[in-house]
Amino acid sequence: LKPTIAADKWVAGIVGLLSGAMSAVTYYNVRELSRVDEPESRIVFYYGVFDSLGALVLAIPFGWHVPTSTTIWPLLGVAFMGTLGQIFMTRAFGQGKTLVSAVLSYSGIVFSSLFGIWIFGDDLPWSSWLAIAMIIAAGVIALRTTSRSRTAKR
Amino acid sequence: MLAASLGFATMAVFIKFGAQNFSTAELVFYRSALSGVAMYAVMRRRGISLATKHAGMHVRRALFSVVGFVMFFHAMAELPLATAMALNYTAPFFTVALLLWLARERPDAIVAVAVVLGFSATLVS
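Keep in mind that what you see is a predicted model, and the values were worked out from it rather than measured.

**Regarding the overall build of chain A**
Assigned secondary structure in chain A consists of six helices and zero strands. In chain A, the succession of α and β elements from N to C terminus is α-α-α-α-α-α. For a compact globule of 154 residues, the expected C-alpha radius of gyration is about 15 Å, and chain A comes in at 19 Å, more than 25% above that figure. Each principal axis of the C-alpha atoms in chain A carries an extent, and together these give about 55 × 45 × 40 Å. Sorting the 154 residues of chain A into buried and exposed places 50% on the buried side. Pairs at least 24 apart in sequence give 69% of the contacts found in chain A among residues at least 6 apart. Surface accessibility of chain A: about 7800 Å² in total, with carbon and sulfur atoms responsible for 68%. In chain A, which carries 12 positive and 8 negative side-chain charges, the distance between the mean positions of the two groups comes to 14 Å.

If you want it as structure tokens, here you go:
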């Protein structure tokens, strides 16, 4: 991603860093909800209710755009894929090893890069391919340790 | 988690198309609204009640994710996209910190290496 930051944007930088911290808190909260045996569907349900209310409040100042028959398709895609992602994320942090799931979240960069090539015709520089290899390596390392500790327990 | 990432990456493609006509908050609204409606249907079907003994935990989970996406959007608006994304991808480091602090769980050294490797990749990419 080659991040750069202007000197006067340090507040936004801290806010961005805190957004990463908030993601971590979300992972942790999902894990805790699973540990007290809350069903996955209920976890995603309450997330959906509260987050849609939050988003509604935030959306209104920017003006509400009523979907038309041509603009509705991306909305359906966002909603459907976002919901699927949310369900799988809840399962990963509920049942999987927390940190292994966190490492596997880097695979998002791999998928986005591949979509960039396929859908938007992006030309990936060699550094992006290196990053993809690193993310796959990180995932394999993280997954191998889980399967090893599982065998050890048996 | 791989399936989750694939879902979110596909969602991001639709966001690119949807952003031409809708604000990001609207897109988040539709996503969360469908999650709520779809899960309500699943719960009805499976006979899972809406009642919970852990309302506080649900509120906390939702609150932090709303605050998180507001912060992420603010960062995306103010900073180069790559920077905002990289900052958000620091999440696994905070996960390590939370596990140490709240759960007293020491991360496996090899998994910690994987976290560093994964994050370095976001910087290289």
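Read on, since the account is not over.
**Quick word on the overall build of chain B**
Secondary structure assignment for chain B yields six helices and zero strands. Mapped in sequence order, the helices and strands of chain B form the string α-α-α-α-α-α. Against the 2.2 N^0.38 benchmark of 14 Å for 125 residues, chain B shows a C-alpha radius of gyration of 18 Å, more extended than a compact globule. Seen through its principal axes, chain B has C-alpha atoms that stretch 45 × 45 × 25 Å. Across the 125 residues in chain B, those meeting the buried criterion constitute 46%. Summarising the internal contacts of chain B: among those between residues at least 6 apart in sequence, 32% fall at separations of at least 24. About 6200 Å² of surface is accessible on chain B, with carbon and sulfur atoms providing 68% of the total. Taken as two groups, the 10 positive and 4 negative side-chain charges of chain B have centres that lie 13 Å from each other.

**What to know about the side chain of Ser-32 of chain B**
Following the sequence through the fold, Ser-32 of chain B ends up in helix α2 (residues 24–46). Excluding anything up to four places from it in sequence, Ser-32 of chain B contacts Tyr-47, Gly-48, Asp-51 and Ser-52 of chain A.

**Observations regarding helix α1 (residues 2–18) of chain B**
With 17 residues, α1 of chain B extends 24 Å between its outermost C-alpha atoms, agreeing within 8% with the 24 Å of an ideal straight helix rising 1.5 Å per residue. Of all the positions in α1 of chain B, only Ala-4, Ser-5, Gly-7, Ala-9, Thr-10, Met-11, Val-13 and Gly-18 of chain B are classed as buried. Structurally, α1 of chain B contributes buried residues whose contacts are with α3 (72–95), α4 (98–104) and α5 (107–120) of chain A together with α2 of chain B.

**Comments concerning a nonpolar patch on the surface**
All names here are of chain A. Taken together, the side chains of Trp-10, Val-11, Ile-14 and Leu-18 make up a nonpolar region of the molecular surface, amounting to roughly 390 Å² of accessible area. Checked against the element boundaries, Leu-18 lands in helix α1 (residues 10–35). Assessed through its relative accessible area of 35%, Leu-18 is described here as partly exposed.

**Some points on the confidence of the model for chain B**
Within chain B, residue pLDDT values average 90, and 100% of them lie at 70 or more. Scored as a whole, the predicted complex attains pTM 0.87, and scored at its interfaces, ipTM 0.88.

**A closer look at the domain arrangement of chain B**
Taken as a whole, chain B is organised into domain 1 (2–79) and domain 2 (90–125). Between domain 1 of chain B and domain 2 of chain B, the C-alpha centre-to-centre distance is 24 Å.

**Section: α1 of chain A**
Relative to the 38 Å expected for 26 residues at 1.5 Å per residue, α1 of chain A spans 38 Å between its end C-alpha atoms, a close match to the ideal helical length. Two residues or fewer past α1 of chain A, Asp-37 of chain A is found with a positive phi of approximately 65°.

**Concerning the pattern of salt bridges**
Under the counting rule described, the total for this entry stands at five salt bridges over all chains. The partner of Lys-9 of chain A in a salt bridge is Glu-78 of chain B, and the shortest N-O contact between them spans 2.9 Å. Of the two residues, Lys-9 of chain A is situated in the segment before α1 and Glu-78 of chain B in helix α3 (residues 55–78); the pairing between them involves two chains. Linking Arg-31 of chain A and Glu-32 of chain A is a salt bridge whose minimum nitrogen-to-oxygen distance equals 3.3 Å. Taking relative accessible area as the criterion, Arg-31 of chain A reaches 4% and is therefore assigned buried. Residue Glu-32 of chain A is classed as partly exposed on the basis of its relative accessible area of 24%. When salt bridges that share partners are traced, they join Arg-31 and Glu-32 of chain A together with Glu-105 of chain B into one network.

**Quick notes on the side chain of Asp-51 of chain A**
Position of Asp-51 of chain A relative to the elements: it lies in helix α2 (residues 40–59). Among buried charged residues, Asp-51 of chain A stands out as having no salt bridge; its nearest opposite-charge side chain is Arg-31 of chain B, 4.4 Å away. Within polar-contact distance, the side chain of Asp-51 of chain A engages the side chain of Ser-65 of chain B at 3.1 Å. Not counting the four nearest positions on each side in its chain, Asp-51 of chain A is found in contact with Arg-31, Ser-32, Ala-62, Ser-65, Val-66 and Phe-69 of chain B.

**Observations regarding the environment of Ser-35 of chain B**
For Ser-35 of chain B, the position within the fold is in helix α2. For Ser-35 of chain B, a relative accessible area of 0% corresponds to the buried category. Sequence-wise, Ser-35 of chain B and Asp-108 of chain B are 73 residues apart; in three dimensions their C-alpha atoms are separated by 34 Å. For Ser-35 of chain B, the residues in contact, after removing those within four places along its chain, are Val-44, Tyr-47, Gly-48 and Thr-83 of chain A.

Rules used in this analysis
- Residues numbered from 1 in each chain as written.
- Chains lettered and ligands numbered in written order.
- Predicted model: local features only at pLDDT ≥ 70, side-chain atom pairs only at ≥ 80, totals over all residues.
- Heavy atoms only, no water.
- Helix = DSSP H or I, 4+ residues; strand = E, 2+ residues; numbered from the N terminus.
- Rg over C-alpha atoms; globule rule 2.2 N^0.38 Å.
- Buried < 20%, exposed > 50% of the residue type's maximum accessible area, 1.4 Å probe, protein only.
- Contact = heavy atoms within 4.5 Å.
- Areas by Shrake-Rupley, 256 points an atom, 1.4 Å probe, with all protein chains shown as cover.
- Lys, Arg positive; Asp, Glu negative; His and termini not counted.
- Charge placed at Lys NZ, Arg CZ, Asp CG, Glu CD.
- Expected span 1.5 Å × (residues − 1).
- Patch = residues over 30% accessible without salt bridge, like charges linked within 9 Å, V, L, I, M, F, W, Y side chains within 5 Å.
- Salt bridge = Lys/Arg side-chain N within 4 Å of Asp/Glu carboxyl O.
- pLDDT = per-residue confidence, 0-100.
- Domains from an automatic or database assignment.
- Polar contact = N/O pair within 3.5 Å; in protein donor to acceptor, adjacent residues only side chain to side chain.

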